[in-house]
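Listed below are the residues making up each chain.
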Amino acid sequence: MRPLAFVLVLCAAHAAHAQSTTTVTGEISDPLGGRVVAATVTLLRDGQQIQQTTTDGDGVFTFREVPRNRYALHVDAAGFESRTTDPVFVSASGRNTFDVILSVGPLQESVVVTAAASELLQSRTGAPLTVIDSQTLEALNKPDVLEALRLVPGSHVVQTGQRGGPTSLFIRGGNSNFNKVLIDGVAANDIGGAFDFAQMADAGIERIEVLRQSNSVMYGTDALSGVVNITTRRGRTRIPQVDLSADGGNFNTRRGSAAIGGAVKRFDYFSEYAYFNTDNSTPNNGYRNGTYAGRFGVALGRGTELSGTIRGVDTRYGSPNAFDLFGIADDAVSKNAMKYASVTAESRHTDRWQSTIRFGDADVRSTYTNPSPTGQPFDPFGFGANYLGKTMTMTGANGYSVTGQAILDFAGTYPSVFRSRTRRRALFADTTYHAGRDIDISGGGRVEREDGFDDPDGDPSATRNNGGVFAEGRGSIGMRTYVTAGVGFEHNEAFDNAVTPRLSVATYVRTDTKVSFNIGNGIKAPSVFQQQNALHAAHLDPERSTSIDVGVEQGFGHGRARLRASYFHNRYEDLIEFLSRTQLALAGVPPSVAATAQFGAFLNSSSFRARGLETSFDAAFGPYVRMNASYTYLDAAVTEAFSAVAATNPAFPGVTIGAFSPLVGERPFRRPPQSGSLMVTMMRGPGQVTVSGYFSGKRDDSTFLSDRFFGNSLLLPNRDLDAAYQKLDLSASYRIHPRVSLYTSIENILDSKYDASFGFPSLPRAARAGARITLGGD
């Protein structure tokens, strides 16, 4: 599908009357064909027409004597879908920009911010990127973002247990801590890359962009496999708009939210608080999430916008452990308190020059409490009792089965409490210069302070002062081939320095056929724990990735359908693993150095590769039905690992098992060779129905169990241990009044019994129903 993009620049004029006014002028053209497009352009304020004009023979339009206020533009052009922009404050001085994208067909084209240093049309980049907008989140009607992430091609979401259980995102076969997660530009990852998507409610989220490729040029460490960029809503209506919703369902599930947003001349504001509570279906598995999201902005004039965002999350999760493996629930509880805040100044200095300055602060506190040991005490050696679950029979999807009692809680001091805190603060700045019609040049830098705390209320136990700079260029050849190239330099106190290049190319071989090529490197810093437990004689290097993909995108039916297919090949090297003193020697560490480690140490000694085929299809069938679907084939294998010791279970002679990590030559755990997703939305009048589904093939995994004598009798062969499953959901809404809607959401409508992680039962059929009310607004 070929888009039509307009960049409309508002140029300041002198005060003509007592009230300052400006002249609005812009040019409308087709960026791929270069031809002038005839269009009707309407200037709107509060939804009302202020002025209307048409383009002249050169595609130029002009509005004169426009008082300062918030305006939107509505553009109609023959052969294209009409579009209305979001309101923008127009001052009597400075410069403001509207970006208007018209599409040939009903499939919308997005402006994306994650693929490069400045905004780009999705059609003008080869980067594999998916946009999940607020309409999709509303149609799915889920309390968290992880369900929406299941729709991203090449991605696999694993929730260990039910609602609130630790949730990992695997992009194109990479590890779950290989993804940079940004919330309004703030790095939200734990130090070392970990991020739990179960804690991320959909409250106040306007859009999510997912880049399925390494990009440490822009984002520094943690972006080995991809980038997830979450953006908070902003207020847009002159009259304050209040949105209220409440629903409930089985498993004692309750959800409510209240939001207010608006815009008054130079100022815009938005706030939302959402609360979710459920008991789930497993004992001691209750989950509570309270989330506040806010965004506040002001247009300062002279082309500068200042905005601040804040997201606060407070959760409590009952952690029963692997209920299907122990037969009883542990009594542990985890609590999290997270705060993400940012202040951003975006300035357009001239028609060619713009810049951004952002300060971000991410503060994450966690407490895990196991108040007492659970299970049957068993002390065969006289060193203190371990606690066993019930006698259970465990059968894998590979047909292997074992029976016995596993250790649920180990001997120790109870209550057992583990508290942690990490904090990341960063100052980021970049600038972009439009050097010519087809050339943009960007550069920028970042300084960051990372703190890790043993005592969340005390002083940091570990501190890193890091930084990085980057340069990037974007251009086109004949307005049909688009190139983005950049290089980043990263300094980190954990590993000194690293250089990361990246190249992305998109070319149109026909009007509706785009071919893309991407190659880039990513890096990830060690965690604080890894750094503190490395060999004293050597520092840890960054973990590294090289990602390559080649893709083709074909449009059909004058923009009504789009098919994409990509081949990807990712290599992950210098990965950090914990090795015993014996394993350190096997990895090449001199015996005298290995002997200095009391029990062992972390070392860069592991690697694996992930390659495969990723396909997706988007279509609009008339004005009422939208569909998107994806399928991914993944071929991943461990290529080097010294910590992967082959264990054996006497019940399966001749079969080697990776007890805690996959063996060399085997597949990484919990990543299916085949997976897919589907979403169909039907809209007619006041009603809307959405069916969504996720499909996963068998996956390698481990039981991770020790029997009562610390033996291997409860280990099952890794290959195809986790069964294939499908998860189908249904959501529907009906507007009984222009401001009142009733809705329902049913998850797992087939009531499938499956474990996304072996031994952890996933949520059975769960239904919610409620109402949504809107007050005020334009």
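Calculation rules
Residues numbered from 1 in each chain as written. Predicted model: local features only at pLDDT ≥ 70, side-chain atom pairs only at ≥ 80, totals over all residues. Heavy atoms only, no water. Helix = DSSP H or I, 4+ residues; strand = E, 2+ residues; numbered from the N terminus. Rg over C-alpha atoms; globule rule 2.2 N^0.38 Å. Buried < 20%, exposed > 50% of the residue type's maximum accessible area, 1.4 Å probe, protein only. Contact = heavy atoms within 4.5 Å. Lys, Arg positive; Asp, Glu negative; His and termini not counted. Charge placed at Lys NZ, Arg CZ, Asp CG, Glu CD. Phe/Tyr/Trp six-rings, centres within 6.5 Å; stacked < 30°, edge-to-face > 60°. Pairing = 2+ DSSP bridges. Salt bridge = Lys/Arg side-chain N within 4 Å of Asp/Glu carboxyl O. Polar contact = N/O pair within 3.5 Å; in protein donor to acceptor, adjacent residues only side chain to side chain. Axes fitted to C-alpha atoms, helices over the stretch in contact; angles between N-to-C directions. Core = buried A, V, L, I, M, F, W, Y, C linked by side-chain atoms within 4.5 Å. Patch = residues over 30% accessible without salt bridge, like charges linked within 9 Å, V, L, I, M, F, W, Y side chains within 5 Å. Areas by Shrake-Rupley, 256 points an atom, 1.4 Å probe, with all protein chains shown as cover. pLDDT = per-residue confidence, 0-100.

1. As for the overall build of the chain
- Regarding its fold elements, the chain presents seven helices and 47 strands.
- Computed over C-alpha atoms, the radius of gyration of the chain comes to 27 Å, within 12% of the 28 Å expected from 2.2 N^0.38 for 778 residues, which places it in the range of a compact globule.
- Along the first, second and third principal axes, the C-alpha atoms of the chain reach 95 × 60 × 50 Å.
- For the chain, the proportion of its 778 residues judged to be buried stands at 55%.
- Of the contacts made within the chain by residues no fewer than 6 positions apart, 64% connect residues no fewer than 24 positions apart.
- Side-chain charges in the chain split into 75 positive and 76 negative, and the spacing between the mean points of these groups amounts to 4 Å.

2. Focus on the packing of aromatic side chains
- This structure, assessed with the given rule, holds 17 aromatic pairs.
- Between Phe 178 and Tyr 572, the ring centres sit 5.1 Å apart and the planes meet at 40°, which makes this aromatic pair tilted. Separated by 394 residues along the polypeptide, Phe 178 in the loop between β14 (167-171) and β15 (179-183) and Tyr 572 in strand β38 (residues 561-580) bring together distant segments of the chain. Each member of the pair, Phe 178 as well as Tyr 572, carries the same accessibility label: buried.
- Aromatic pair Phe 381 and Phe 709: ring centres 6.5 Å apart, planes at 75°, arrangement edge-to-face. With Phe 381 in the loop between β26 (376-378) and β27 (386-388) and Phe 709 in the loop between β44 (687-696) and β45 (725-737), the pair connects residues that are 328 residues apart, well separated along the chain.
- Since its relative accessible area comes to 44%, Phe 381 is described here as partly exposed.

3. Overview of the pairing of strand β24 (residues 332-348)
- Where strand β23 (residues 304-319) meets β24, 16 bridges bridge the pair, whose relative direction is antiparallel. Note that in β24 the partner of Thr 304 across the bridge is Ser 347.
- Here β24 runs beside strand β25 (residues 353-370); their pairing, made up of 16 bridges, is antiparallel. By the bridge assignment, Ser 334 is partnered in β25 with Tyr 368.
- Here β24 folds back onto β25 in antiparallel fashion, the turn holding four residues.

4. Observations concerning the pattern of salt bridges
- Inspection of every chain in the model, using the stated rule, returns 50 salt bridges.
- Of the charged contacts, one joins Asp 222 and Lys 180 as a salt bridge, the two residues approaching to 3.9 Å between their closest N and O atoms. Of this pair, Asp 222 sits in the loop between α3 (216-219) and β18 (226-232) while Lys 180 sits in strand β15, and the two are 42 residues apart along the sequence.
- Classification of Asp 222 by relative accessible area gives buried; the value is 2%.
- Classification of Lys 180 by relative accessible area gives buried; the value is 5%.

5. Remarks on the sheet that holds β18
- Here five strands make up an open sheet; going across it, the order is β12-β17-β18-β15-β16 and the pairing mixed. Whereas interior strands pair on both sides, the edge strands pair on one side only; in this sheet they are β12 (129-133) and β16 (186-187).
- Bridge count for strand β17 (residues 205-211) against β18 is six bridges, and the pairing is antiparallel. In the sheet register, Ile 208 faces β18, and the bridge partner there is Ile 230.

6. Regarding unusual backbone geometry
- A cis amide bond, omega 0°, links Tyr 414 with the succeeding residue Pro 415.
- Here Pro 415 is to be found in the loop between β30 (407-409) and β31 (416-436).
- Look at Phe 251: it is not a glycine, yet its phi comes out positive at around 60°.
- Tracing the backbone through its elements, the reader meets Phe 251 in the loop between β19 (241-249) and β20 (253-264).
- In this structure, Met 479 takes a positive phi of about 55° despite not being glycine.
- For Met 479, the location among the structural elements is in the loop between β33 (462-477) and β34 (481-492).

7. With respect to the pairing of strand β32 (residues 439-453)
- One ladder, built from 15 bridges, connects β31 with β32; its direction is antiparallel. Looking at the pairing, Tyr 433 lines up with Ile 441 of β32.
- Between β31 and β32, which follow one another and run antiparallel, lie two residues.
- Here β32 pairs with β33 via 14 bridges, running antiparallel. Of the residues in β33, the one forming a bridge with Asp 451 is Thr 463.

8. So, the environment of Arg 172
- Along the chain, the position of Arg 172 falls in the loop between β14 and β15.
- Among the residues examined, Arg 172 registers a relative accessible area of 2% and is labelled buried.
- Sequence separation of Arg 172 and Thr 369 is 197 residues, and the distance between their C-alpha atoms is 34 Å.
- From its side chain, Arg 172 meets the backbone oxygen of Arg 212 in a polar contact 3.1 Å long.

9. Focus on the sheet that holds β26
- Overall, antiparallel pairing links the three strands, which are arranged β26-β27-β30 in an open sheet. If you trace the sheet from one side to the other, it starts and ends with β26 and β30, each paired once. Taken pair by pair, the neighbouring strands of this sheet meet at an average axis angle of 55°, ignoring direction.
- Across two bridges, β27 lies against β30 in antiparallel orientation. Looking at β30, one finds that Leu 388 is bridged to Ile 407.

10. Remarks on the nonpolar core
- By size, the foremost hydrophobic cluster in this structure holds 31 residues, and its most contacted members are Leu 149, Phe 197, Ile 208, Val 228 and Tyr 340.
- Contributions of two or more residues to this core are made by α1 (134-140), α2 (146-149), β14, β15, β17, β18, β24 and β25.
- In this structure, Ile 208 is in contact with Thr 130, Val 131, Ile 132, Leu 137, Val 145, Leu 149, Val 228, Asn 229 and Ile 230, ignoring residues within four places of it in sequence.

11. Quick word on a nonpolar patch on the surface
- A surface patch of nonpolar side chains, about 600 Å² in accessible area, is lined by Leu 300, Leu 306, Val 343, Ile 357, Phe 359, Leu 427 and Val 447.
- Residue position: Leu 427 is located in strand β31.

12. Re the side chain of Glu 553
- Mapped onto the secondary structure, Glu 553 falls in strand β37 (residues 543-556).
- By relative accessible area, Glu 553 is classed as buried at 12%.
- Apart from residues lying up to four places away in sequence, Glu 553 is in contact with Asp 512, Thr 513, Lys 514, Arg 562, Leu 563 and Arg 564.

13. Some details on the environment of Gln 532
- With respect to the helices and strands, the residue Gln 532 is situated in helix α5 (residues 528-532).
- Here Gln 532 falls in the partly exposed class, since its relative accessible area comes to 41%.
- In the structure, Gln 532 is positioned 38 residues away from Ala 494 in sequence and 9.9 Å away in space, judged by C-alpha atoms.
- Not counting the four nearest positions on each side in its chain, Gln 532 is found in contact with Ser 461 and Ala 462.

14. Here we look at the confidence of the model for the chain
- Per-residue pLDDT for the chain has a mean of 90; in total, 93% of the residues score no lower than 70.
- Considering only residues more than four positions removed or in separate chains, one finds that residues 1-18, a stretch of pLDDT under 50, has 84 contacts.

15. Let's talk about the environment of Val 90
- Counting through the fold element by element, Val 90 comes out in strand β8 (residues 88-90).
- Taking relative accessible area as the criterion, Val 90 reaches 2% and is therefore assigned buried.
- Note: C-alpha distance between Val 90 and Val 210 (120 residues apart in sequence) is 32 Å.

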